[in-house]
Amino acid sequence: MRRKARRGGGKQAELTIEGLGARGDGVAQHDGRPVFVPFALPGERARVKLTGAKSAGYKGELIELLSESADRVEPVCPHYGPCGGCTLQHLAPEAYRTWKRQQVLNALQREGVRGPDGGEPNVAELTVVPAGTRRRATLTAKARRDGVDLGFHGRESHVLEHITTCYVLRPRLVEVLPGLSNALRHLLKGGESASVTLLDADNGVDVLVRSHRPPGLDARQALAALAEQQDLARVTWLPIELDPEEIEAEPVSIRRPPFVHFGEIAVEPEPGSFLQPTAEGQTALIEAVTGWLKDAGGPLADFYAGCGTFTFPLARYQPVHAVEGERAAIASLWQAARRNDYAGPVTAEVRDLVEEPPAAEELDTFAGVVFDPPRAGAKALARELADSRVPTVVAVSCNANTFARDARLLVEGGYTLAEVRPIDQFPWSGHLELVARFHR
Ligand SMILES: C[S@@+](CC[C@H](N)C(=O)[O-])C[C@H]1O[C@@H](n2cnc3c(N)ncnc32)[C@H](O)[C@@H]1O
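Parameters at a glance
- Residues numbered from 1 in each chain as written.
- Predicted model: local features only at pLDDT ≥ 70, side-chain atom pairs only at ≥ 80, totals over all residues.
- Helix = DSSP H or I, 4+ residues; strand = E, 2+ residues; numbered from the N terminus.
- Expected span 1.5 Å × (residues − 1).
- Buried ≥ 20, exposed ≤ 12 C-beta atoms within 10 Å, placed from the backbone.
- Contact = placed C-beta atoms within 7 Å.
- Near = placed C-beta within 6 Å.
- Nonpolar A, V, L, I, M, F, W, Y, C, P; charged D, E, K, R; others polar.
- Pairing = 2+ DSSP bridges.
- Right-handed = clockwise from strand over helix to strand, strands pointing away.
- Axes fitted to C-alpha atoms, helices over the stretch in contact; angles between N-to-C directions.
- Core = buried A, V, L, I, M, F, W, Y, C linked by C-beta atoms within 7 Å.
- UniProt positions renumbered as here; feature names shortened; annotations may be inferred.

**Q** How should I be thinking about helix H9 (residues 400-412) in this particular structure?
**A** Because an α-helix completes one turn every 3.6 residues, residues spaced three or four positions apart along the sequence face the same direction. With 13 residues, H9 extends 18 Å between its outermost C-alpha atoms, agreeing within 8% with the 18 Å of an ideal straight helix rising 1.5 Å per residue. Along H9, the residues that are buried comprise Ala400, Phe403, Ala404, Asp406, Ala407, Leu409 and Leu410. Against the buried residues of H9 lie helix H1 (93-110), helix H8 (379-386), strand S21 (392-397), strand S22 (416-424) and strand S23 (433-439). Of the residues flanking the end of H9, it is Gly414, one or two places downstream, whose phi is positive at about 110°.

In structure tokens:
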């Protein structure tokens, strides 16, 4: 048996895992309440330590596996377990794909959203991005006595796992980690921590360090030397307490402004700006969004547009109005539009879509709409869309539950959910991206 007693004590029980929850934890029952057991699989019998009893259930810590599921496989990464990134590496690929797709169906079912013929919604098979393709990630750095740990926290834990290898990150990002951890020794003293956002842009790596203490001369020199050795495109620093919206990141070393392509257009994102985590996932999303909207026959709107991931590919076919809450993202989008003679076909607006959603009459000027909100979803916008006459609406989402809620609002307003494509940019985790088409 692979997993043996880890820690005894506390309230323990022998349980049978009956299912896999939305976050990938095994789910058992005890005293009529669910127990969520990370790293356990359906069908397995396990000795579990019960903690954190709440009305919603117990947290369970896997102490010993007493029987193993046929779907259990050996995790590939040496950091599996302590690293909170890939908590489902023990699940066989086929079972994993089935479970993740089922999360979309479950969420839609909970909201009572049906397919075009009134039956089960039309959810495609899961597309999973290959391992080693993640181009953007935020890690934590923490000073210890003899160096700096740089990695990811454990699942629901404050313990940081220092990463030496990673199966999801692009190899280029893994390569820069040792040098970065070394350079950060000059910034972080006894127990101090920082957040480090890495982007493997199309012309080099972009590094944003956020810490309480600004880098002194030796930290700047160490980071600049690293940038030269590793040919990093850009290194910037921001105080951790401030939002990038409130203050511009301070340059530490800029060898060239990093850029990423959305279709044919190169955009220069500000440090820390949102971008799709993988180029492969981005391509699959762009393919769906443009495929469904390019023949809309009139102007389009891209809500929660970011730096223009969908704006520019769509603008090849129709005029596009891009709306986004973050000023810096819209500035990058607009600069790229100007540079590429897209100003005109592309218009841009900074707007808070929760506080000031466009009214249905405003939406009626568009032949098609795409929206791609953060995890909280786009409730206010979906309500207005439900009252609008926009013929085609495309939703991109990173949260199946808020997507299903917004889908219900659209369906109640008379839309049909034509199809959903789940695109997995976070392999081995509970997170999922999807893109869906609605029509009147
Ligand atoms: C999931 S990202 C999508 C960005 C872009 N569509 C892409 O694919 O790269 C969500 C975007 O919504 C923006 N956002 C978050 N809250 C917002 C709000 N209340 N109003 C407008 N935009 C918001 C974020 O700044 C971010 O750019």
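**Q** Even after reading the chapter, I still don't get the site of the ligand, so can you show me in this structure?
**A** Surveying the vicinity of the ligand reveals 19 residues, the closest of which are Tyr304, Gly306, Thr309, Gly325 and Asp372. Along the lines of polarity and charge, the residues of the shell around the ligand split into eleven nonpolar, four polar and four charged.

**Q** It is not clear to me how helix H6 (residues 327-339) should be interpreted in this structure. Could you clarify?
**A** Taking 1.5 Å per residue, 13 residues should reach 18 Å; H6 reaches 18 Å between its end C-alpha atoms and fits that length. Among the residues of H6, those classed as buried are Ala329, Ile330, Ser332, Leu333, Trp334, Ala336 and Ala337. Buried positions along H6 lie against strand S16 (265-267), helix H5 (311-315), strand S18 (320-324) and strand S19 (346-350). One or two steps after H6, the chain reaches Asp341, where phi turns positive at roughly 60°.

**Q** Would you explain the pairing of strand S13 (residues 234-239) in this entry?
**A** A regular strand carries its side chains on alternate faces of the sheet. In terms of burial, S13 is largely enclosed, as five of its six residues are buried. Here six bridges tie strand S12 (residues 204-211) to S13, and the two strands are oriented parallel to one another. Bridge pairing links Val209 to Trp237 in S13. Between the parallel pair S12 and S13, the chain is carried across by helix H3 (residues 217-230), and the sense of this crossover is right-handed. By the bridge criterion, four bridges tie S13 to strand S14 (residues 250-254) in an arrangement that is antiparallel. Following the sheet pairing, Arg234 is matched in S14 by Ile254.

**Q** Just to check I follow, could you spell out the sheet that holds strand S8 (residues 136-144) for this structure?
**A** Sheets are built from strands paired through backbone hydrogen bonds, the pairs being either parallel or antiparallel. Here we have seven strands laid out as an open sheet, ordered S10-S9-S8-S11-S12-S13-S14, and mixed in their pairing. Of all the strands in the sheet, the pair left with one neighbour each is strand S10 (160-162) and S14. Going across the sheet, the axis of each strand differs from the next one's by a mean of 30°, ignoring polarity. Direction of pairing for S8 relative to strand S11 (residues 193-201): antiparallel, over a ladder of seven bridges. Directly across from Ala141, in S11, lies its bridge partner Ala194. Each of S8, strand S9 (147-153), S11 and S12 touches helix H2 (residues 171-183); the most contacted strand, S9, lies at about 145° to it. Here H3 sits on the sheet in contact with S13 and S14, set at roughly 40° to S14.

**Q** So what exactly am I meant to see when it comes to the nonpolar core here?
**A** Nonpolar side chains in soluble globular proteins tend to be buried together. Counting residues in each nonpolar core, the largest one holds 130 residues, and the members touching the most others are Val289, Leu333 and Val369. If we skip the residues at most four places from it in the chain, Leu333 touches Val267, Ala305, Cys307, Gly308, Thr311, Ala322 and Ala348.

**Q** I tried to follow the UniProt feature "binding site: S-adenosyl-L-methionine" (unreviewed entry) in the protein on my own but got confused; where do I start?
**A** When the UniProt feature table is mapped onto this chain, "binding site: S-adenosyl-L-methionine" (unreviewed entry) is found at Gln276, Tyr304, Glu324 and Asp372. Residue placement: Tyr304 occurs in the loop between strand S17 (300-303) and H5. We classify Tyr304 as buried; it has 22 C-beta atoms within 10 Å. If near-sequence neighbours (up to four positions away) are discounted, Tyr304 is found in contact with Glu324, Leu353, Phe371, Asp372, Pro373 and Ala378. Here Glu324 shows up in strand S18. Classification of Glu324 by C-beta neighbours within 10 Å gives buried; the count is 26. When sequence neighbours within four positions are dropped, the list of residues in contact with Glu324 reads Tyr304, Ala305, Gly306, Ala329, Ile330 and Val350.

**Q** Got a minute to help me understand the environment of Leu381 in this structure?
**A** Along the chain, the position of Leu381 falls in helix H8. Note: C-alpha distance between Leu381 and Pro358 (23 residues apart in sequence) is 7.0 Å. The residues touching Leu381, leaving out its near neighbours within four places in the chain, are Phe303, Leu353, Pro357 and Phe371.

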